[in-house]
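Geometric and topological summary
Each chain is listed here by its residues.
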Amino acid sequence: MTQPRTRLKAREIPAWATALRVRRTQLGLSQEGVAAASDDGISQKAVSDLETGRVHLTDMALGRVVALAKALNWSLAEMQRATGVDLGITPVTLVGEGSADVYPLTAALTLDNPGPAIDHELVTPGLKRPLLLRMDSEEMLGVTSASIRPGSTLHIDQADTTPEEGRVYVLTDQDGAHVRLYTTTRLGPVFRAENRTFEDIPATEATIIGRVVSVATDYDPNLN
């Protein structure tokens, strides 16, 4: 007598994997589409393995997780919230009374997902919504009082986003995060770099993150 075939128990798909699949379908993407949108960061098979829970999200290299989030039109913080998987992303917060974490300038692009802090410093008193970012470009390197050297820490007040002539702001546009001085030209208001090899950014194309209230630097002009 032939024994009835035992039905295999279906693999239980974890909630975080289901969240990935739901997000993909909401965007109208196939698994191949997600792989293509990740700029070759992950393969279709990797997408499939994630959506079925065969591979855990935290087992992937950070670069591949970032590529997946980008393909799903998520920030890492949004992916962390949607999946419930701890990706090590923490919001910008004060780390102690009178002090705050310092983040790279690019953190201005995704303040809900600043990534790991690179330092922490005392905050300039009086800031309503403090944000500390490390200057990592030469766009404000010059000879006037507005000059800011790379490596300096920018103390920013996110509560001050109304541009005023001659003030310096952290802003974002389609090309990234910038530090620029607001000024009015005959063509209209712009955000101008101290280093004139960088082009002006029209004010209409920029989103102001906050005003640079003070700058902390270890630079000593007397040192070689």
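In what follows, the structure referred to is the one given above.
In what follows, the accompanying structure is described. (Residues numbered from 1 in each chain as written. Predicted model: local features only at pLDDT ≥ 70, side-chain atom pairs only at ≥ 80, totals over all residues. Heavy atoms only, no water.)

1. Some thoughts on the side chain of Gln-31
Locating Gln-31 in the fold gives a position in helix 2 (residues 31–37). Of note is the side chain of Gln-31, whose polar atom sits 3.0 Å from the side chain of Glu-51. Residues contacting Gln-31, with those up to four places away along its chain left out, are Arg-24, Gln-44, Val-47, Ser-48 and Glu-51. (Helix = DSSP H or I, 4+ residues; strand = E, 2+ residues; numbered from the N terminus. Polar contact = N/O pair within 3.5 Å; in protein donor to acceptor, adjacent residues only side chain to side chain. Contact = heavy atoms within 4.5 Å.)

2. Details of the environment of Glu-78
Counting through the fold element by element, Glu-78 comes out in helix 5 (residues 76–83). Judged by relative accessible area, which is 32%, Glu-78 ranks as partly exposed. For the pair formed by Glu-78 and Asn-113, sequence separation is 35 residues and the distance between their alpha carbons is 8.2 Å. The contacts of Glu-78, once residues within four sequence positions are left out, are Asn-73 and Asp-112. (Buried < 20%, exposed > 50% of the residue type's maximum accessible area, 1.4 Å probe, protein only.)

3. Re the nonpolar core
The biggest cluster of nonpolar side chains holds 19 residues, and the ones touching the most others in it are Leu-20, Leu-57, Leu-68 and Met-79. Listing elements by their share of this core, those giving two or more residues are helix 1 (15–26), helix 3 (44–51), helix 4 (62–71) and helix 5. Take this core: its biggest share by element is four residues, from helix 4. Filtering out sequence-adjacent residues up to four positions away, Met-79 remains in contact with Leu-20, Leu-57, Val-65, Leu-68, Ala-69, Leu-72, Trp-74, Gly-84 and Leu-87. Of all hydrophobic cores here, the second largest spans 18 residues; its members include Tyr-103, Ala-107, Ile-148 and Leu-154. (Core = buried A, V, L, I, M, F, W, Y, C linked by side-chain atoms within 4.5 Å.)

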